[in-house]
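Structural features, examined
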Amino acid sequence: SYSVTGVQTCALPIFLAAGCAGRSGKNVLFQAATIDSLSAGAMDGGVDIRELSRRGDTGLGTVDGLDGEMVVAHGAFYRVAYDGSVSVIDPATRSPFAMVVFFSPDRVVALPDGASLAEATDVLEAALPTKNIYYAVRLTGTFPRLKVRSVPGQARPRSEEHTSELQSPNTN
């Protein structure tokens, strides 16, 4: 089944570590920087994991130097490395881009056993009241495999074409 929560967004510049003034509580998305800032080369520094953990328990992002993808689930922060390995992130590690929220489902949507990704997407999209806001979705189940994607750590900005060539689609 899917658990779904709608969230309100608040974009923050990479150098600003404060939250959104006047917004707190349920369904508030904390965003550290923007994806465009990464594309422009701002891939070092940012907010540390300790601070992100005070802002949410579910989310996505990256770590310093784009050295892997960050996945946040049930309050644990994980790094998916280029080789597909997964490790817990040290709280002092910094993230140049992250989106986290305290997951509090507004509804649960059941999926048929064995639903494909396309079928699950169709069911979820039909359950959403609008496609104009972000949603945090938690998918719970037993999966025979999980496909992940990551890029190797980068010291300098690379072109989008070069970065996509370096992506490693791993199946674990």
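Computed from a prediction, not measured in an experiment: that's the story for all the values here.

1. Focus on the nonpolar core
One finds Phe 30, Ala 32, Val 47, Ile 49, Leu 52, Val 63, Met 70, Val 72, Phe 77, Ile 89, Ala 98 and Val 100 forming the largest nonpolar core, which totals 12 residues. Elements that contribute at least two residues to this core include exactly strand 3 (30-32), helix 2 (49-55), strand 6 (69-73) and strand 10 (98-101). For Ile 89, the contacting residues outside a window of four places in its chain are Ile 49, Val 63, Met 70, Phe 77, Tyr 78 and Arg 79. Ranked by size, the runner-up nonpolar core spans 10 residues in total, among them Leu 29, Leu 66, Val 101 and Ala 136.

2. Some remarks on the pairing of strand 5 (residues 58-62)
When you tally the buried positions in strand 5, you get four out of five residues, the bulk of the element. Pairing geometry for strand 5 and strand 10, over four bridges, is antiparallel. Paired with Gly 59 across the two strands is Val 100, which belongs to strand 10. Two elements, strand 5 and strand 6, share four bridges in a ladder whose sense is antiparallel. Bridge pairing in strand 6 places Thr 62 opposite Glu 69. Linking two consecutive strands that pair antiparallel, namely strand 5 and strand 6, is a turn of six residues; a positive phi of about 75° is found at Gly 65 within it.

3. Thoughts on the confidence of the model for the protein chain
For the protein chain, per-residue confidence averages 76 on the pLDDT scale, and residues scoring 70 or more make up 75% of the total. Per-element mean pLDDT across the protein chain ranges from 26 in strand 2 (residues 11-12) up to 95 in helix 2. This stretch, residues 161-166, has a pLDDT under 50; its non-local contacts, to residues over four places away or in other chains, come to eight contacts.

What counts, and at which threshold
Residues numbered from 1 in each chain as written. Predicted model: local features only at pLDDT ≥ 70, side-chain atom pairs only at ≥ 80, totals over all residues. Heavy atoms only, no water. Core = buried A, V, L, I, M, F, W, Y, C linked by side-chain atoms within 4.5 Å. Buried < 20%, exposed > 50% of the residue type's maximum accessible area, 1.4 Å probe, protein only. Helix = DSSP H or I, 4+ residues; strand = E, 2+ residues; numbered from the N terminus. Contact = heavy atoms within 4.5 Å. Pairing = 2+ DSSP bridges. pLDDT = per-residue confidence, 0-100.

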